[in-house]
Amino acid sequence: MKLFSTSSFVIPTILTIIIRNDEIKIVLVLFFATMLKKEVILTEIKKYLLHTIYNDLFTQWYGTPWDFNGHTTIPGNGYIACGYFVTTILKDAGFNIPRIKWAQSASEVFIKKLAPNDLKRFHNSPMLKVEEHLKKFKNELYVVGLDNHTGFIHVEGNSMKF
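These remarks concern the structure in this document. Remember, it's a predicted structure, so these values are computed and weren't measured experimentally.

Looking only at helices and strands, the protein chain features seven helices and three strands. Overall, the protein chain shows an N-to-C arrangement of helices and strands of α-α-α-α-α-α-α-β-β-β. Counting only residues that meet the buried cut, the protein chain has 33% of its 162 residues in that class. A sequence separation of at least 24 residues applies to 38% of the contacts in the protein chain between residues at least 6 apart. Accessible surface, the protein chain: about 11,200 Å² in total, of which carbon and sulfur atoms supply 58%.

Dropping the structure here:
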C-alpha cells in the first residue's frame, strides 16, 4: 500500500499551510495525524524546513554585510550580526522564538532551547573529530555555537558548509 499516492503535490502544500498559518496548524495536524504516521509527517516537515531554510532563506541574505552590531531583518538592507542572522532565519522559517533576546545571548542559551535533548559539545577537539561526527548524518542542518560566533552547518553527503 502506498502511503502517499499524491505526495508530490498534496504533502508540500499541507506542510506550507501548517508552517505558515498557526490557526490552521492544529486542525490539520490532528486531522492528518489520524491518517498518517507521526514519523512520516515529521520527516516531511523536516525535509520541507531544510529545503526552505537552505535554498530559500539563506540565499536571500547573500551579500548582506556582517557587522557585530548589525540587526536588520531585511536581507541586503543594513548589516547583520551572526546571532541576529541565525535567529532571523529561524523566525522567518516559522519558529516562534524571541529573536532579539536570543540573538543577544550566548549561542549555547538558544541552542539548548532549540534542541535540549540533542546537544553535542566538542571541547578542545580537533576539527577532524567534529567532521567525523557530522558526516554520520547525511542531510542535516545544525545550529552551531563557537566561543565568539554562531551560525549554521549544512551537511549534505560528505559536503559541509558553514
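On to helix 3 (residues 38-60), then. With 23 residues, helix 3 should reach 33 Å at 1.5 Å per residue; the first-to-last C-alpha distance of 32 Å fits that figure. Along its length, helix 3 shows its largest kink, about 35 degrees, at Ile53. Within the span of helix 3, buried status applies to Val40, Ile41, Ile45, Tyr48, Leu49, Leu50, Thr52, Ile53, Tyr54, Leu57 and Phe58.

For the rest of this paragraph, the subject is the packing of aromatic side chains. Across all of its chains, the model carries six aromatic pairs by this definition. Taken together, a centroid distance of 5.1 Å and an interplanar angle of 55 degrees make the contact between Phe58 and Phe152 tilted. Of this pair, Phe58 sits in helix 3 while Phe152 sits in strand 2 (residues 150-156), placing them 94 residues apart in sequence. The pair formed by Phe58 and Phe152 is uniform in burial state, with each residue classed as buried. Relative to Phe152, the ring of Phe85 has its centre 6.1 Å away and its plane inclined at 85 degrees; by these criteria the two rings are edge-to-face. Taken as a pair, Phe85 in helix 4 (residues 82-92) and Phe152 in strand 2 lie far apart in primary sequence, 67 residues in all. An aromatic cluster is built from Tyr54, Phe58, Trp61, Phe85 and Phe152, whose rings are joined through pairwise contacts. Directly above the aromatic system of Phe122 lies the positively charged group of Lys120, at a separation of 5.3 Å from the ring centroid.

Taken as a whole and judged by the stated rule, the model has three salt bridges. For the salt bridge of Lys112 with Glu108, the shortest nitrogen-to-oxygen distance reads 3.6 Å. Of this pair, Lys112 and Glu108 both sit in helix 6 (residues 107-114), four residues apart, which is roughly one turn of that helix. The exposure class of Lys112 is partly exposed, given its relative accessible area of 42%. Note that Glu108 and Arg121 form a salt bridge whose closest N and O atoms lie 2.1 Å from each other. A residue pair is termed long-range when its members are at least 10 positions apart, and Glu108 in helix 6 and Arg121 in the loop between helix 6 and helix 7 (127-135) qualify at 13 residues. We classify Glu108 as partly exposed; its relative accessible area is 36%. Assessed through its relative accessible area of 53%, Arg121 is described here as exposed. Within the structure, one salt-bridge network assembled from shared partners comprises Glu108, Lys112 and Arg121.

Reading guide: rules and limits
- Residues numbered from 1 in each chain as written.
- Predicted model: local features only at pLDDT ≥ 70, side-chain atom pairs only at ≥ 80, totals over all residues.
- Heavy atoms only, no water.
- Helix = DSSP H or I, 4+ residues; strand = E, 2+ residues; numbered from the N terminus.
- Buried < 20%, exposed > 50% of the residue type's maximum accessible area, 1.4 Å probe, protein only.
- Contact = heavy atoms within 4.5 Å.
- Areas by Shrake-Rupley, 256 points an atom, 1.4 Å probe, with all protein chains shown as cover.
- Expected span 1.5 Å × (residues − 1).
- Bend = angle between axes of the 7 residues up to and from the residue.
- Phe/Tyr/Trp six-rings, centres within 6.5 Å; stacked < 30°, edge-to-face > 60°.
- Lys NZ or Arg CZ within 6 Å of the ring centre and 35° of its normal.
- Salt bridge = Lys/Arg side-chain N within 4 Å of Asp/Glu carboxyl O.

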